[in-house]
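# What the coordinates show
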Amino acid sequence: MSPFKVISILIMTTLGTIKSFSQYDTLNPASREKLFDTLYSSKELGCTVKKEGTTFRLFAPRASQVWLVLFENYDDEKGEEIKMVRDDNGVWEYMSLGRLYGKCYGYRLEGPAGIGEYFDSTVIIGDPYSKAVVTKNNYHHPAKTLILDTKYNWDKDTFIIPANHNELIIYECHVRDLTAHPSSEVDARGTYIGLTEKGKTGGLSYLKKLGVNAVEFLPLHKFGNIEIPYNDSSVVSDEGKINTWNPYARNHWGYMTSYFFAPETYYASDGTMMPDEYNGIGGRAVKELKDLVKALHREGIAVIMDVVYNHVSQYDYNPFKYIDKFYYFHTDSAGNFMKASGCGNDFYTSRLMARRLIVESIKYWMKEYHIDGFRFDLAAMIDDETLNEITREAKKINPNVILIAEPWGGGKYDPQGFSDIGWVSWNDKFRNGVKGQNPYNDAGFIFGRFQDKITKKSVMSFITGTLREDGGIYLKKEHSMNYLESHDDHTMGDFIRIATGAVTESTQVIDKEKHITLTPIQLAINKLAAMFLLTAQGPVMIHEGQEFARSKVIAPTRAPDPRIGMIDRNSYEKDNETNYLNYMHRELNRELFDYYIGLIEVRNQYPIFSSAPKEAVEFLKTDDDFVVAFKLDAKKAKSISAKNSFIVILNGNPTKGVEVILPKGIWKIIADDKKVTSKKQIIVISKTAPLPPTSGMILMSLD
């Protein structure tokens, strides 16, 4: 007898009247939309294991038949197929007496065969509510859902995100990048558990030494790692295109989600990218990611996840496409995927059951993995009601949860709208005004230029949180995520190298160490940028390697990339040393690294640098448009128990030094253009503060 021929129960009494759904073959688009608007279920979806048995539920509103396919082993080609039964709300269900831990399963669906339909009964898909997934390494990403006992001993661990989000210094990073390079000296390189190793050059000890209090991981949802083969005319994309753009045929960053409840298995100890091998066969990613979160929490580092709900993976057997393309995706009049996201499809977030899935995904990661917050990719593409429900439900679990928007996407741009609902968003105005938008002809303040419509008044508003009352975009400074570099586009180090004329994007870097080692002017600009960023009010984000001016020089591999040896501005597809942090390069720019450590220490020690009341920030008179000076007045910052006042001077002029008249008092220099001064070293001034070109200074009151 088959191991799955256990006593089973079709829960007919709860399913209502069973109907024939062949009528869906002839539904016109308007009738189809009316049907979708009527369907909603609150039943627990996915696979649930309880004392009474194992229940499987799938929402597939227009399927004419769904089969549950049960597998004894992850690599079985065929499984036991069981017809499921549909209720009136589009949920297909089967229950088995028995706890089926360790088994795998998937679904096969039949449905309408009209224009644009994606139903294909030959394809077995994983459960969209999968908690763990085993996949085969090819671009189809064939998946089986692993039935796993996910219980875990958290040892009293809980959320550690501060109630005051202004205090956050977030390190945006990729799990593999932090330890994959040999210079990290980590044993389990490129993995969740490798990142928990202490006493190594890279990984956890590095983050602790730097002083950041949060990490923002690039997507950890199970995603489509492999893309269609390069220049292979026998394999085309959904749009009928041959891959002429990605010689690596890989996706490294992870912005192609396949399963919203399952962690990425490649970073687990049972992960592999060997072609056509199985990835995640033991489901170890579930425990190992929890181990990582717990380890980071113990070091005082909150965990934020980058999540992608505006589109899904493009090339694989993504379950939503095969469950019901027209329910889960925006389509045009010809039935084609719409792709305002630029990623091949646009997820229909306002569909009731799609919204439910998104919200439940957020809740699951908070409850099951103790995730402290989320950054939402292309968040402007998520409908307002879904955003509001995410906010309500997430705050019920943790009132201090941080919700961060990338406030654009699909042709929309709405940082104001996100501020109105209490969300933080990436402040691209700050980024562009301080650094610039492109290094060739649109550089910013740190180069002694004003980008686009930026003025000195704009630059001053960046210091106080880009607030609406100052002509900015935010209701509160804690809504402004100040940053100068992210995973997108050039690293700031490369932006500065290009803007100063050292290289172009087409320069072949022959001597990599010489290229990476900063020239005096490049070092000065990097330091000025760091001081501007870390003395601005509101939360701060630093991207991995920014602290030592990392350069993304395209590494030589077997991939036929014609740009090997050149600077990369979009390294999404490179799981190689182009992206991995090389900690030897930190030593080449150790002075900048130590400068970041010093500034982070100052910001952490004195909350007035992040959380000062508006009235405590007093701008000092300067005659140069590219010199901004301000006092942080402790007497006006009693709400945060400030004891010392500070003065910050930022000279973006590349050719002129400046002498700023100081307010009355005795002032100690704690940072200048050379270094952030240790507590034992005291340089005292009282009347004026001299600064060379392209430099900054921080002074602390001694009276």
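You'll find the structure just up there.
Source: prediction; values computed, not measured. (Residues numbered from 1 in each chain as written. Predicted model: local features only at pLDDT ≥ 70, side-chain atom pairs only at ≥ 80, totals over all residues. Heavy atoms only, no water.)

## Quick notes on the sheet that holds strand 28 (residues 646-651)
How we decide: Strand pairing is assigned whenever DSSP identifies at least 2 bridges connecting the two strands. In this text, helices come from DSSP runs of H or I with a minimum length of four residues, and strands from runs of E with a minimum of two, each type numbered from the N-terminal end.
Read from one edge to the other, the open sheet built from six strands follows the order 26-27-28-33-30-31, with strand pairing classed as antiparallel. Each edge of the sheet is formed by a strand with only one pairing partner; in this case those strands are strand 26 (617-619) and strand 31 (684-685). With three bridges joining them, strand 26 and strand 27 (residues 627-632) adopt antiparallel strand pairing. Its bridge partner being in strand 27, Phe619 is matched across the sheet by Phe630.

## What about helix 6 (residues 352-369)?
Quick note on the threshold: Working rule for helices: expected span equals 1.5 Å times residues minus one. Three exposure classes are used, based on accessible area relative to the maximum for each residue type with a 1.4 Å probe and protein chains only: buried under 20%, partly exposed in between, and exposed over 50%.
Between its first and last C-alpha atoms helix 6 spans 25 Å; for 18 residues at 1.5 Å apiece the expected length is 26 Å, and the two agree. With 14 of its 18 residues buried, helix 6 lies for the most part within the structure. With its phi angle positive at about 60 degrees, His370 sits one or two positions after the end of helix 6.

## Points about empty space enclosed by the protein
Worth spelling out the cut-off: Points on a 1 Å grid over protein atoms alone make up a cavity when a 1.4 Å probe fits among them but cannot get out, and a pocket when they form an open set with protein on both sides within 12 Å along at least five of seven lines; lining residues each have an atom within 4 Å of a point. Grid points are joined across faces, edges and corners, and a volume is the space filled by probe spheres set on the points. Residues are grouped as follows: nonpolar covers Ala, Val, Leu, Ile, Met, Phe, Trp, Tyr, Cys and Pro; charged covers Asp, Glu, Lys and Arg; every other residue, Gly included, is treated as polar.
In the structure shown here, the tally under the stated rule is five cavities of 30 Å³ or more. Looking at the largest cavity, its volume works out to about 80 Å³. Taken together, His181, Lys512, Phe548, Arg550, Ser551, Val553, Glu577, Thr578, Tyr580, Leu581, Asn582 and His585 make up the lining of the largest cavity. A class-by-class count of the residues in the lining of the largest cavity yields four nonpolar, five polar and three charged. Approximately 60 Å³ is the volume found for the second largest cavity. Residue lining of the second largest cavity: Leu45, Arg57, Leu58, Phe59, Pro128, Tyr129, Phe320, Ile323, Tyr328, Met353 and Leu357, and that is the complete set. Going through the elements one at a time, strand 3 (53-59), helix 5 (319-328) and helix 6 are the ones with two or more residues in the lining of the second largest cavity. Grouping the amino acids of the lining of the second largest cavity by side-chain chemistry returns 10 nonpolar, no polar and one charged.

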